[in-house]
Amino acid sequence: MSPTPLPPPHEPDAPRDLVGIGIGPFNLSLAALAHPLPELDSVFYEQRPGFDWHPGLLIDGATLQVPFLADLVTLADPASPWSFLNYLKDRDRLFPFYFAERFHMQRAEYDAYCRWVAGRLPGLHFGHQVDAVRWNPERTLFEVDFTQLDSEGEAEALGRTYTRNIVLGVGTAPHIPEPLKPLVDAPGVPVIHAADYLAHRERFLTAEHITVIGAGQSGAEVFLDLLRNRPAGREKIHWLARTEAFAPMEYSKLGLEHFTPDYTRYFHALTEPVRDRLVAAQWQLHKGIDADTIAAIHDELYRRTLHGGWPDAVLTPAVTVRTAGRVATTKVELHLEHGQQGARTRLTTDAVVLATGYRERPLGQILAGLDPYLRRDSAERPRIDDQFRLALDPSVPGRVYVQNAELHTHGVGAPDLGLAAWRSATILNSLTGKDPYPLPRRTAFTTFGLEPQSQVPPARHTVQTLTPLVDGR
Ligand SMILES: Cc1cc2nc3c(=O)[nH]c(=O)nc-3n(C[C@H](O)[C@H](O)[C@H](O)COP(=O)(O)OP(=O)(O)OC[C@H]3O[C@@H](n4cnc5c(N)ncnc54)[C@H](O)[C@@H]3O)c2cc1C
């Protein structure tokens, strides 16, 4: 690996060019692509003691939903020393990977690869929780306040860094629907979000009856893992979902073009109401279940009928949990409603896995200090431009970039690992004002949108009647 010129030593109180908040895959990608740019003095803070990618769901055999080229750097710089292939080379595993012929790496391998990068990149500070960001007009700099945490997560010291620019990569947090919140922290019956599944797996495997709620990828993987590890004929598992079906994730090659820079640019240029309608309508692009996982579930259910009888596993879609409560100290009662039948019933269970998804971590708390300068859309969400910059009052020359907080402005690609390197490169090109990472002008065969000759307000749900041009077609 060719030595990268080190940036000049950082004067203690000197402001940084860039402070990154959060070190998940997206800010790690940015740090890896910033590394060869010595003119950029950057530092990244992460509240966790080390890089740790969704530890509760590194289920054996679970793979990424994107190909290995969607690593931290390759789609912006295939020659980067921080690529997945270079990691394999460094680990003497290139030939085994070559013969493994696996396009989708295992989730545990992605975590290991990211730890390899995080363990070698300078300027990454783990155990640092960022508490607040403010604009200091006197110094025309941002102030970033952080708490240094010890290995137990206890506060050890407070600190402040000054910087010209910031990138927020605080990611997503597990989402728990209101009716189920009271159950989660109460002792006794295990009711956990899927994000913590592996830490509680043994307890679930021995529970009398289990309910998995939610039909996204996590719900499917947890259900499959439990099904495979419960005695045949005594599975005692319910898998419930609000969605109308246990539906596959869109994975057709043209469908996947929604995860391209072309579509992201197209989406960003649409009006706010159209964007909001599309995000809701496109749930199957990022919320369905990987087809291989669905097949594995059916295979396992089928395998369990070989010796007669059907597995004691109930899979019901279109069901909402209206309320839930404890029965004695050892059971939970779920009050269910079927969205199509309108029928209601109760299900008593001994353990619940909430595979109810994730939501973008609210930025309100960290950015409270910037509130007077922040521009918002009609739903009070931050406005974000095509270079992933928050729209701020012109009196603030510094820039705040976001990663994976822009679903409402940039569409379904926001949480997608496949766009990590491109977004990082876009941010670095914008930050440096140069193009250290020349980006592709075209990335999709689909041409999203028309080259406007005239503009009419976008019609909503109207059927267009086409007047025949020539021979009645
Ligand atoms: C189980 C799972 C599997 C997924 N698999 C795929 C996949 O295969 N393909 C795909 O395209 N996408 C996948 N995703 C979606 C997405 O890529 C991931 O969620 C990814 O982790 C997002 O990266 P991130 O950097 O935005 O956030 P995160 O990974 O959530 O990291 C954000 C980090 O910020 C830190 N942080 C937050 N607040 C602060 C603060 N105030 N101070 C300091 N640090 C802070 C957090 O501790 C966290 O470590 C998956 C998501 C999940 C949950």
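Residues numbered from 1 in each chain as written. Predicted model: local features only at pLDDT ≥ 70, side-chain atom pairs only at ≥ 80, totals over all residues. Heavy atoms only, no water.

**Student:** Would you mind showing me how to read helix α9 (residues 272–281) here?
**Tutor:** Because an α-helix packs 3.6 residues into every turn, residues spaced three or four apart end up facing the same way. Among the residues of α9, E272, V274, R275, L278 and V279 are the ones counted as buried. In a view along the axis of α9, the buried residues occupy a sector of 160°, so they form one face of it. Turned more than 90 degrees away from the buried face of α9 sit P273, A280 and A281, all of them exposed. On the buried face of α9, the contacting elements are α8 (261–268), α10 (283–286) and α13 (407–410). (Buried < 20%, exposed > 50% of the residue type's maximum accessible area, 1.4 Å probe, protein only. Helix = DSSP H or I, 4+ residues; strand = E, 2+ residues; numbered from the N terminus. Arc of directions from axis to C-beta. Contact = heavy atoms within 4.5 Å.)

**Student:** How should I be thinking about the side chain of T147 in this particular structure?
**Tutor:** As for its position among the elements, T147 is in strand β5 (residues 141–149). Among the polar contacts made by the side chain of T147, one reaches the side chain of D131 at a distance of 2.5 Å. Excluding residues within four positions of it along the chain, T147 makes contact with G127, H128, Q129, D131, A155, A157 and L158. (Polar contact = N/O pair within 3.5 Å; in protein donor to acceptor, adjacent residues only side chain to side chain.)

**Student:** Even after reading the chapter, I still don't get empty space enclosed by the protein, so can you show me in this structure?
**Tutor:** Empty pockets left among the atoms are what a rolling probe the size of a water molecule brings to light. Across all of its chains, the model carries one cavity of 30 Å³ or more by this definition. Considering only enclosed or pocket space, the largest cavity measures out at about 40 Å³ in volume. In terms of lining residues, the largest cavity is bounded by T264, F388, E406, H410, G413, A414, L419, W422 and R423. When the residues that make up the lining of the largest cavity are grouped by side-chain class, the tally is four nonpolar, three polar and two charged. (1 Å grid on protein atoms, 1.4 Å probe; cavity = no way out; pocket = protein on both sides within 12 Å on 5 of 7 lines; lining within 4 Å. Points joined across faces, edges and corners; volume = space filled by probe spheres on them. Nonpolar A, V, L, I, M, F, W, Y, C, P; charged D, E, K, R; others polar.)

**Student:** Which parts of the structure should I look at to understand the pattern of salt bridges?
**Tutor:** One side chain can pair with another of opposite charge once the charged atoms of both are near each other. Using the criterion set out here, one finds 33 salt bridges in the structure. Here D145 makes a salt bridge to R134, at a shortest N to O gap of 2.3 Å. Of this pair, D145 sits in strand β5 while R134 sits in strand β4 (residues 128–136), and the two are eleven residues apart along the sequence. For D145, a relative accessible area of 15% puts it in the buried group. In this structure R134 comes out as partly exposed when scored by relative accessible area, which is 26%. D385 is the partner of R389 in a salt bridge, and the nearest nitrogen-oxygen pair spans 2.7 Å. Among the residues examined, R389 registers a relative accessible area of 22% and is labelled partly exposed. When its relative accessible area of 22% is taken as the criterion, D385 is described as partly exposed. Connected through shared salt-bridge partners, R134, E143, D145 and R160 make up one network. (Salt bridge = Lys/Arg side-chain N within 4 Å of Asp/Glu carboxyl O.)

**Student:** Explain a nonpolar patch on the surface here, please?
**Tutor:** Taken together, the side chains of L69, L75 and F103 present a nonpolar region at the surface, about 270 Å² in accessible area. One can find F103 in the loop between α3 (94–100) and α4 (107–118). Accessibility expressed as a relative area gives 45% for F103, which makes it partly exposed. (Patch = residues over 30% accessible without salt bridge, like charges linked within 9 Å, V, L, I, M, F, W, Y side chains within 5 Å. Areas by Shrake-Rupley, 256 points an atom, 1.4 Å probe, with all protein chains shown as cover.)

**Student:** I'm lost on α8 in this one. Help?
**Tutor:** In terms of burial, α8 is largely enclosed, as six of its eight residues are buried. Those residues of α8 that fall on the buried side of the exposure criterion are P261, D262, Y263, T264, F267 and H268.

**Student:** Sorry if this is basic, but what is going on with the site of the ligand here?
**Tutor:** Surveying the vicinity of the ligand reveals 29 residues, the closest of which are E46, W53, Q65, N404 and L417. Within the backbone of V130, a nitrogen or oxygen atom sits 2.9 Å from a nitrogen atom of the ligand. A distance of 2.8 Å is found between an oxygen atom of the ligand and a side-chain nitrogen or oxygen belonging to N404. Against a free-state accessible area of 980 Å², the protein chains account for coverage of 90% of the ligand. Breaking the shell around the ligand down by element, the ones donating at least two residues are α1 (25–34), β2 (42–46) and β4. Sort the elements by how many residues they give to the shell around the ligand and β4 lands first, with three residues. Residues that form the shell around the ligand fall into these classes: 13 nonpolar, eleven polar and five charged. (Near = heavy atom within 4 Å.)

The values are spatial; any link to function lies outside them.
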